Amino acid sequence: MAHTQPAIDLSPKVSDEIRKTTCYMCACRCGINVHMKDGKVAYIEGNRDHPVNKGVLCAKGSAGIMQVNAPSRLRAPLKRVGPRGSGEFEEITWDEALEIAVSWLKPIRENDPEKLAFFTGRDQSQSFTGLWAQHFGTPNFAAHGGFCSVNMAAGGIYTMGGAFWEFGQPDWDHTKLLMIFGVAEDHDSNPIKMGLGKIKARGAKVIGVNPIRSGYNAVADEWVGITPGTDGLFILSLIHCLLKAGRIDLDYLRRYTNAPVLVNGDESSPEHGLLLRDEDGKMLVLDRRTGKPAPFDDPDVVPDLAGTWRKAGVTHRPVFQLLAERYLSEDHAPEAVAERVGISAKRIRHIAAELARVAFEEEIEIDQPWTDFRGVKHDKMIGRPVSFHAMRGISAHSNGFQTCRALHVLQILLGSVEVPGGFRFKPPYPKPVAAHPKPHCGVTPGKPLDGPHLGYVQGPDDLCLKDDGSPARIDKAYTWENPMSAHGLMHMVISNAYAGDPYKIDTLFMYMANMSWNSSMNTSGVMKMLTDKDENGDYVIPRIIYSDAYSSEMVAYADLILPDTTYLERHDCISLLDRPICEADAAADAIRWPVIEPDRDVRGFQSVLVDLGARLGMPAFVNEDGSAKYKDYADYIVNHERKPGIGPLAGFRGDGSEKGRGAPNPDQLDRYIENGGFFVEHIPDEALYYKPWNQAYQDWAVGMGLYDSPQPYLFSLYAEPMRRFQLAAEGHGDRQPPEHLRERVKTVMDPLPIWYPPFEDGHVDPEEFPVHALTQRPMAMYHSWGTQNAWLRQLHGRNPLYVPTKIWEANGFAEGDWARVTSAHGSITVPVAHMAALNENTVWTWNAIGKRKGAWALDEHAPEATKGFLLNHLIHELLPPKGDGMRWTNSDPVTGQAAWFDLRVKIEKAAAPEESQPAYPAIKSPVGQGPANLAWKVGK
């Protein structure tokens, strides 16, 4: 019989065109190729030419197409017509929406700008939104970092002028030992996965420190299941071991840190504990040649770590001696901390020995001459191939700032920062802390604020306080309660506004911040605050404007909705002024651009702000004649200059050939699009390492516009700004802390890293609440918008509470069981699952999987709404009362970061309910419910 082979098209036409842009499914900012067919998105793949991901794309990135087609997308501006929280809206035109917004905002700006609180979520355009808020004149602006990562950012910048996350990375090509702390899989996931692949292919070792063994910790060669909140104690014990063994890099400490800088030892002086300086303000070190103090940057000085200088009967010692004296104390010995951290003394010593062995017995030499800032020439670049990376797991504790500082001190003692094989900064970092602006809060009706909102304080004089000493900001950032709150306190805005403490506001304006659900502590309480009325029947928070692309839980609680586009329908700028896409060997930035046009009546939020800025007459957004300066956000990106020659984008400036500095180029966005949506400029070989002290790097950074002049500096093992706050608490200076905070300031503002138990431990009975409870974000999700994605829901459509073996067996749990989990604040009833690779006193779940019924266009019976849940219901923005008459915020006392991971609970077996508890009534969605079958055809 004849056999006919079917005809198969082996090269089908998959797309008509490829449009290259930047992903927005997490914070990696990977390059993507968007395949178009008949004018619609067919599929998304990685861009192999892109410096961040080099073609690698994760499940989130590929699933971006489902965000663009999500049924939950808002369709038009909305005005509330029912009670707040009901979800009852009517669609209005953009003209009406903007007229309403201006009618609310204009009187505030002209009369009392602080009555506007403008806070944004993970929008990646903070330099722009900050400028808008500054020119409005309100002191009340910040982004999401205060409840996310400020301990990490501030701890790094105050210690070494840069931090983990977007601002630095391990030297993936040379490191031989990587130690990660508290790293979940959602953030920076493609670069980390690629980096782990590189180092494991070389046989390098990975040590994962995390109470939970998932993701990166699951592939680590060694997992350390630490007790939550004790990372700092563990790190200081490692430092103890290294100091005791003499396994630290003394040459590195002398040359590049303030270890040899003399500390004022005069206990009667108002400058006791500050660093000694000469008449020019230069820090002084003890010169071994002369036995006398000399400026730290003298090219001939030989700093002495061991000597002392005695003058007028007072002995002044170097920072290093204070550090060694503290951490050599037996209080930090492994035997003293082992039980608390949940790691045996033997294992702590083993890890310390492994760090030392790799750092000092496997050092790297690169034959690359370079010259340091003192003018000293070096023939080689010497590297300690030990690197560290850390994320929210160590940051989101009430002791997180000092823990982050401790980790940086550990890196520095090993000499493994900015050297081959160690941790490397990404441009525009490193920067000395003094190069950053200080926070501003000077309000003048009808005028811009007197400077940027956010910054880095150097002492009490920089706090944002009014003349009577009360907080100038609604979130109480930069006050004695949290002096170094570099990112603000977004988690405290609604509760403070509701309480009228420190004052009442008129309008809350938020962007992409799901504060009525997964982004807030005390979720039920926040919903009540947003809907409560006063004795006159008016809402306690009078007006709420909200912008989002999707029908999230927060939409129902707003009075006016300004609908955003999805990320493939707008311009975005991933800028060197903000959080760029740089890698350690290059400066880079990127754009997004409308690869498709919206099929709804929506506008990019940044363009809406440009329009509002012009309508309100804000100086940055109008010409001298009052006309609008920019047509939209794209026009702003191209033509705005932060200072002459410096704009949001560094590439293709002037005539298109200028980099970093140059006049605005009207064709700049087209050039970016032609180049794949990004710009990259590599650092010269002689400038690749030792960036804070390398003359070649400093000169290159000036040329690129990262600095106005060279900014070499020393790493701060000893953080002098913190000592200034201690001095105030000891009674020195004009600005004094309130009495109830004086002792706390003395304790927590220690210039050398310390550890203290998480605050919740002191506010609850650990016998009653013996279990730690944590959340992590899964690799396939990033913030709440991913969990309505039709593809990604198939990976995480529900979330159990993972329970370790000891607790599982003690409660007699079996597969399919449920548990009641109770904290000092509330109770939830949720499904449980057994997990052996977990700290024995810790339970955890995936974050933000649980959804409110009616939100996100999901069916009311969707598993996210019935089997999914949030731990947020157990957490409060205030700590439980402890009998002192005070209510303390559930935050780090240095930066104000939300202490999400201090939560303690008790757990018990419960009868299985029909759905997770608490169960809230469904909210009405302005977009309704999505179709039962989500499908569409692209092309023919």
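To start, this report covers the structure provided alongside it. The shown structure was predicted, so the numbers you read here are calculated from the model rather than taken from an experiment. Numbering of residues starts from 1 in every chain and runs along the sequence as written. Where totals are concerned, whole chains, interfaces and linings use all residues; where local detail is concerned, this predicted model gives features only for residues with pLDDT of at least 70, and gives and counts side-chain atom pairs only at 80 or more. Hydrogens and water molecules were not included; the side-chain quantities draw on all heavy atoms of the structure.

Quick look at helix α4 (residues 126–136)
- Summary of the burial criterion: residues with accessible area below 20% of their type's maximum are buried, those above 50% are exposed, and those between are partly exposed, where the area comes from a 1.4 Å probe applied to protein chains only. Runs of H or I in DSSP of at least four residues are treated as helices and runs of E of at least two as strands, each being numbered from the N terminus. In terms of burial, α4 is largely enclosed, as ten of its eleven residues are buried.
- Buried within α4 are the following residues: Ser127, Phe128, Thr129, Gly130, Leu131, Trp132, Ala133, Gln134, His135 and Phe136.
- The criterion used for residue contact is that any of the two residues' heavy atoms lie within 4.5 Å. Buried-residue contacts for α4 involve α3 (94–111), β6 (116–120), β7 (141–142), β23 (507–511), α17 (605–615) and α18 (633–639).

Here we look at the layout of surface pockets
- Computed from the structure, the largest pocket encloses a volume of approximately 1,300 Å³.
- For the lining of the largest pocket, the secondary structure elements donating two or more residues are α4 and α5 (150–160).
- Here the element with the most residues in the lining of the largest pocket is α4; it accounts for five residues.
- Three residue categories are used. Nonpolar comprises Ala, Val, Leu, Ile, Met, Phe, Trp, Tyr, Cys and Pro, charged comprises Asp, Glu, Lys and Arg, and polar comprises the others, including Gly. Within the lining of the largest pocket, the residues separate by chemical class into 22 nonpolar, twelve polar and seven charged. Computed over the protein atoms alone on a 1 Å grid, cavities are sets of points where a 1.4 Å probe fits but cannot get out and pockets are open sets with protein on both sides within 12 Å along at least five of seven lines; a residue lines them when it has an atom within 4 Å of a point. Grid points are joined across faces, edges and corners, and a volume is the space filled by probe spheres set on the points.

Observations concerning the pattern of salt bridges
- Here, a salt bridge means any Lys or Arg side-chain nitrogen found within 4 Å of an Asp or Glu carboxyl oxygen. Evaluation of the coordinates by the stated rule reveals 59 salt bridges.
- Between Lys205 and Glu354 there is a salt bridge whose closest N-O contact spans 3.9 Å. Of this pair, Lys205 sits in strand β10 (residues 205–209) while Glu354 sits in helix α12 (residues 345–361), and the two are 149 residues apart along the sequence.
- On the accessibility criterion, Glu354 (15% relative accessible area) is buried.
- Across the pair Arg277 and Glu720 runs a salt bridge, and its minimum N-O distance is 2.9 Å.

Remarks on the environment of Gln794
- You can see Gln794 is positioned in the loop between β29 (771–776) and β30 (801–803).
- On the basis of relative accessibility, which here comes to 66%, the residue Gln794 falls in the exposed class.

Re the pairing of β23
- With five of five residues buried, β23 is to be regarded as a mostly interior element.
- Taking every second residue as pointing to the same face, both faces of β23 are buried, with Thr507, Phe509 and Tyr511 on one and Leu508 and Met510 on the other.
- Two strands are counted as paired when DSSP detects at least two bridges linking them. Examined bridge by bridge, β6 and β23 share five bridges and lie parallel to one another. When the bridges of β23 are listed, Ala117 appears paired with Leu508.
- Alignment of β23 against strand β24 (residues 543–547), held across five bridges, turns out to be parallel. Looking at the pairing, Met510 lines up with Tyr546 of β24.
- Note on handedness: a crossover is taken as right-handed if, strands pointing away from the viewer, the path from the first strand over the helix to the second is clockwise. You can see the chain leave β23, run along helix α16 (residues 523–531) and come back into β24, and the turn it takes is right-handed.

Quick look at the side chain of Asn839
- Relative to the helices and strands, Asn839 resides in the loop between β32 (827–834) and β33 (842–846).
- N or O atoms within 3.5 Å of each other form a polar contact, as long as, within protein, one can give a hydrogen and the other can take it, and as long as residues adjacent in sequence are counted only when both atoms are side-chain atoms. Here Ile226 takes part through its backbone oxygen, which lies 3.2 Å from a polar atom of the side chain of Asn839.
- Ignoring any residue separated from it by four or fewer positions in sequence, one finds Asn839 in contact with Pro211, Trp223, Gly225, Ile226, Thr227, Pro228 and Pro804.

Some thoughts on the sheet that holds strand β5 (residues 89–91)
- Strand order in this open sheet of seven strands is β5-β4-β25-β24-β23-β6-β7, and the pairing throughout is mixed. A single partner strand is all that each edge strand has here, and the edge strands are β5 and β7.
- Here, axes are lines fitted to C-alpha atoms. For helices the fit covers the stretch in contact, and angles between N-to-C directions go from 0 to 180 degrees. The strands touched by α4 are β6, β7 and β23; relative to β6, the strand with the most contacts, the crossing angle is about 175°.

Observations regarding the packing of helix α8 (residues 231–245) against helix α11 (residues 334–341)
- Orientation of α8 relative to α11, taken along the N-to-C sense of each, is 160°, at an axis distance of 10 Å. Comparing the axis directions of α8 and α11 gives the class roughly antiparallel. Our pair here, α8 against α11, has a crossing hand that is left-handed. Here Leu233, Phe234, Ser237, His240 and Cys241 of α8 come into contact with α11, specifically with Pro334, Val337, Arg340 and Val341.
- Its residues assigned to classes, the contact of α8 with α11 shows six nonpolar, two polar and one charged. Throughout this description, any angle smaller than 35 degrees is read as roughly parallel, any larger than 145 degrees as roughly antiparallel, any in the 65 to 115 degree range as roughly perpendicular, and the remainder as oblique. It is the rotation of the near helix from the far one that decides the hand of a crossing: anticlockwise by less than a right angle makes it left-handed, clockwise makes it right-handed.

Regarding empty space enclosed by the protein
- The final tally for this structure, using the stated rule, is twelve cavities of 30 Å³ or more.
- Taken as a whole, the largest cavity spans an internal volume of roughly 440 Å³.
- Arg392, Thr775, Asn847, Trp900 and Phe901 are the residues nearest the centre of the largest cavity, which is lined by 34 residues in total.
- The residue makeup of the lining of the largest cavity, split by class, is 17 nonpolar, 13 polar and four charged.

Comments concerning the environment of Gly31
- Within the element layout of this structure, Gly31 appears in strand β2 (residues 31–37).
- Looking at Gly31, the relative accessible area reads 0%, which means it is buried.
- Separated by 414 residues in sequence, Gly31 and Pro445 place their C-alpha atoms 43 Å apart.

Notes on helix α14 (residues 400–413)
- The terminal C-alpha atoms of α14, which comprises 14 residues, lie 20 Å apart, in line with the 20 Å expected from a rise of 1.5 Å per residue.
- By the criterion of burial, α14 is predominantly enclosed, with 14 of the 14 residues buried. To estimate the expected span of a helix, subtract one from its residue number and multiply by 1.5 Å.

By themselves, these are just geometric observations and shouldn't be taken as functional.
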